[in-house]
Amino acid sequence: MQKQNSNNEWGKDVFDLLSWFKIDKTKNAKIMVVGAGALGNEVLKNLALFGVGHIVIVDYDQIEYSNLTRSILFRPEDADKGYYKAEIAAKRLKEINPTIEVQAICGDLSSGVGLGVYRRVDVVIGCLDGVWARMLLNRQCFKANKIFIDGGIGDLDGYVSGYQLDVDCYECHLSEKERMAAKTSKMPCAGVAQGNQKHGRLATTPVSASIIGAIQAQEAMKIIHKEELEAGKFTSIVGKMFKYDGATLYAPFYSDNSEYYDDCIFHEEWEDIVEVSYLSANTTVKDSLQILKSVLNAESVTIKLVNDKFVDFLISKSENKKFEVMLPASKIPDYIDDNDELTDLTLNDGWVYQNEISEVDENFPYQDLTLRQIGIPYFDIIKVEHEKGISYVELNADKEFYKNVL
């Protein structure tokens, strides 16, 4: 029987045999995985087995029984109790590999994940099932200048692509019709809150999830080993695409898959970040505006709500009835779902009008709300307009929330 290694170092005498693998690089690596469903389970399991030292998991969904057929990290009791995917995935990864640090974010990309998190990870892996979510993730990764490894699975098929600023853009691959359809189906548009319609599930198998998840994890490991990648030991997926068709055992690799148009407005990197150690998402709007004026030496400041508008009320189309909500726009569909009267109204009318606020300044009527309450997540970077131009300010006081993984 083989004895346990005396220094108990994960992967010692195993990964050492690989010509390219560096234990220290892997232990110090920081990876964010967005989506903890079937595909996310496979990616996360592989990262934990490799010993990636710091993992952030983002997912707002709860575990359902249908997840159990293709999600290695979930159990029937998790579905019984309606636990969140991200929290249970984090717990199970620590059981697999106690030497790593894992943190769950049970929220969406709009109001749940601060750009400061993106800024400090090495690579972002997307395991999503919608076009709008991929669009938003692509934009956030570009702002932070991070590589986004996208994966998708179907019945017996799947794909992996890589996107990076100045190389390839997910959104540039889409037609205007696809972009608008994605935005309309996922996010309220033009002041109209649409019913949170339940779409049919996409059939997937654990086999396709395993194959695509393995490729995504492998590509992340290449990015972690930057020197080896740049030395030509690997070929990166960035600007390329790997496809898998299990029905025909066909797996083509497209080496020139890049679409990158100069007029795409989302090719935007946020640079020259101002880190403010005493500014948090828990700070009120009133205090935040004063802090920003002082830090930026500005006469007046306006916070631009880039990813998520703030909605203070809804009005039904037919009855002209007002509902005070005071929530980020991304939370409106769930709010409607949880309100029987509003649900009935959206089913009968098709929509209710929502009042959206996209800029916050001294005229904002809810000064005592915190930044978090208006849709700005912990450790975010906010876009601030003032008489001298545009500045990007990080809520650096929130770094404490992520001290173990970042």
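It should be emphasised that the depicted structure is a prediction, and the values quoted were computed from it without experimental measurement. (Residues numbered from 1 in each chain as written. Predicted model: local features only at pLDDT ≥ 70, side-chain atom pairs only at ≥ 80, totals over all residues. Heavy atoms only, no water.)

### A few points about the packing of helix 2 (residues 38–50) against helix 4 (residues 85–96)
In step 1: Where helix 2 meets helix 4, the closest approach of the two axes is 9 Å, and the angle between their N-to-C directions is 30 degrees. The angle between the axes of helix 2 and helix 4 places the two elements in the roughly parallel class. Crossing of helix 2 over helix 4 shows right-handed handedness. Across the interface between the two elements, Leu 44, Lys 45, Ala 48 and Leu 49 of helix 2 pack against Ala 89, Leu 93 and Ile 96 of helix 4.
In step 2: Here the residues of the contact of helix 2 with helix 4 sort into six nonpolar, no polar and one charged. (Axes fitted to C-alpha atoms, helices over the stretch in contact; angles between N-to-C directions. Helix = DSSP H or I, 4+ residues; strand = E, 2+ residues; numbered from the N terminus. Parallel < 35°, antiparallel > 145°, perpendicular 65-115°, else oblique. Left-handed = near helix turned anticlockwise from the far one by under 90°. Contact = heavy atoms within 4.5 Å. Nonpolar A, V, L, I, M, F, W, Y, C, P; charged D, E, K, R; others polar.)

### With respect to helix 6 (residues 131–144)
In step 1: Spanning 14 residues, helix 6 covers 20 Å between terminal C-alpha atoms, matching the ideal 20 Å at 1.5 Å per step.
In step 2: When you tally the buried positions in helix 6, you get 13 out of 14 residues, the bulk of the element.
In step 3: Asn 145 occupies a position one or two residues after helix 6 and carries a positive phi of about 55 degrees. (Expected span 1.5 Å × (residues − 1). Buried < 20%, exposed > 50% of the residue type's maximum accessible area, 1.4 Å probe, protein only.)

### A word on the packing of aromatic side chains
In step 1: According to the stated counting rule, one finds 15 aromatic pairs in the structure shown.
In step 2: A centroid spacing of 4.5 Å and a plane angle of 25 degrees characterise the contact between Trp 270 and Tyr 392, whose relative ring orientation is stacked. In this pair, Trp 270 is assigned in the loop between strand 9 (253–254) and strand 10 (274–276) and Tyr 392 in strand 17 (residues 389–395), connecting sequence segments 122 residues apart. The residues Trp 270 and Tyr 392 share a single accessibility class, namely buried.
In step 3: Grouped by ring-pair contacts, the aromatic residues Phe 15, Trp 20, Phe 21, Phe 50 and Phe 234 constitute a single cluster.
In step 4: Across the ring face of Phe 266, the terminal group of Arg 139 is positioned such that the distance to the ring centre comes to 3.6 Å. (Phe/Tyr/Trp six-rings, centres within 6.5 Å; stacked < 30°, edge-to-face > 60°. Lys NZ or Arg CZ within 6 Å of the ring centre and 35° of its normal.)

### Some points on the pattern of salt bridges
In step 1: Summed over the entire model, instances satisfying the criterion amount to 21 salt bridges.
In step 2: A salt bridge links Glu 275 to Arg 119, with the shortest nitrogen-to-oxygen separation between them at 3.1 Å. Separated by 156 residues along the polypeptide, Glu 275 in strand 10 and Arg 119 in helix 5 (residues 115–120) bring together distant segments of the chain.
In step 3: Judged by its relative accessible area of 41%, Glu 275 is partly exposed.
In step 4: On the accessibility criterion, Arg 119 (28% relative accessible area) is partly exposed.
In step 5: Notably, a salt bridge pairs Lys 383 with Glu 268, separated by 3.9 Å at the nearest N-O pair. With Lys 383 in strand 16 (residues 381–386) and Glu 268 in the loop between strand 9 and strand 10, this pair connects stretches of sequence that are 115 residues apart. (Salt bridge = Lys/Arg side-chain N within 4 Å of Asp/Glu carboxyl O.)

### Re the sheet that holds strand 5 (residues 148–153)
In step 1: Spatially, eight strands are ordered 3-2-1-4-5-6-8-9 in an open sheet, and the strand pairing comes out mixed. Each end of this open sheet is capped by a strand with a single partner; those strands are strand 3 (101–105) and strand 9.
In step 2: Strands strand 2 (54–58) and strand 3 of the sheet are contacted by helix 4, whose axis makes an angle of about 170 degrees with strand 3.
In step 3: In the packing of helix 8 (residues 206–224) onto the sheet, contacts are made with strand 1 (30–34), strand 4 (123–126), strand 5, strand 6 (157–163) and strand 8 (241–245), and the angle to strand 5 comes to roughly 170 degrees. (Pairing = 2+ DSSP bridges.)

### Remarks on unusual backbone geometry
Peptide bonds are mostly trans, and most non-glycine residues show a negative phi.
In step 1: With a phi close to 55 degrees, Leu 249 is a non-glycine residue in the positive phi region.
In step 2: The residue Leu 249 is located in the loop between strand 8 and strand 9 in this model.
In step 3: The exposure class of Leu 249 is exposed, given its relative accessible area of 73%.

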